[in-house]
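# A structural walkthrough
This is what each chain is made of:
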Amino acid sequence: MDNFTPYASLAGGLLIGISATLLLMAGRMAGISGILAGLIPFDSKDNLWRILFIVGLIIGAGLYPALGGDMSAMNINPYELSETTHTALLIIAGLLVGIGTYVGAGCTSGHGICGIGRLSVRSIIATVTFVVVAALTVFIMRLIVGG
């Protein structure tokens, strides 16, 4: 329980919930893969909100440590990560995630936050599938492969 952060977690959850609700009220779904995929036909008239959403994600991630957020709880050392992680595996993992979001018609944010909030059975099944596959992946990587 060294990394137990109830207030920061509550604040983050509230911000995610509020932003997802505001997008839903505007007739949009807060699914990151769908927001990115919507940028592919770049001549679309609703690209501005998509670009602003993605820029906000990037700026928010950069502001957290700049405003004093403690990154040590994440136990991530970028230098250690680059030495131990094979680039080809990262590329394959990224492609598999992209294929998964296409086949699953959405990602964890779209299904897990918005879909479950709407009590969508399809989203609940998709989210359970995400969690089970993630747990199996960690099991395989840590215990079998030794990563």
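Scroll up a little and you will see the structure.
For clarity, every value in this text was computed on a predicted model and none was experimentally measured.

Time to look at the overall build of the protein. Scanning the protein from N- to C-terminus turns up seven helices and zero strands. Listing every helix and strand of the protein by position from the N terminus yields α-α-α-α-α-α-α. Counting only residues that meet the buried cut, the protein has 16% of its 147 residues in that class. In the protein, the proportion of contacts linking residues at least 24 apart, taken out of those at least 6 apart, comes to 36%.

With that out of the way, let us pick up the layout of surface pockets. By volume, the second largest pocket is sized at about 390 Å³. Along its surface, the second largest pocket is lined by 13 residues, and Leu15, Ile16, Ser19, Gly56 and Leu57 are the ones closest to its centre. Elements that contribute at least two residues to the lining of the second largest pocket include exactly α1 (6-25), α3 (47-66) and α6 (108-117). For the lining of the second largest pocket, the element with the highest residue contribution is α3, accounting for five residues. Grouping the constituent residues of the lining of the second largest pocket by class yields nine nonpolar, four polar and no charged.

Glancing now at unusual backbone geometry. Here the phi dihedral of leucine 119 falls at roughly 60 degrees; this positive angle occurs in a residue that is not glycine. Relative to the helices and strands, leucine 119 resides in the loop between α6 and α7 (121-145). On the basis of relative accessibility, which here comes to 67%, the residue leucine 119 falls in the exposed class.

Once that is clear, we can look at helix α5 (residues 87-103). Taking 1.5 Å per residue as the helical rise, α5 with its 17 residues ought to reach 24 Å, and the 24 Å between its terminal C-alpha atoms agrees with that figure. Positive phi appears at alanine 105, one or two residues downstream of α5, with a value of about 55 degrees.

Calculation criteria
Residues numbered from 1 in each chain as written. Predicted model: local features only at pLDDT ≥ 70, side-chain atom pairs only at ≥ 80, totals over all residues. Heavy atoms only, no water. Helix = DSSP H or I, 4+ residues; strand = E, 2+ residues; numbered from the N terminus. Buried < 20%, exposed > 50% of the residue type's maximum accessible area, 1.4 Å probe, protein only. Contact = heavy atoms within 4.5 Å. 1 Å grid on protein atoms, 1.4 Å probe; cavity = no way out; pocket = protein on both sides within 12 Å on 5 of 7 lines; lining within 4 Å. Points joined across faces, edges and corners; volume = space filled by probe spheres on them. Nonpolar A, V, L, I, M, F, W, Y, C, P; charged D, E, K, R; others polar. Expected span 1.5 Å × (residues − 1).

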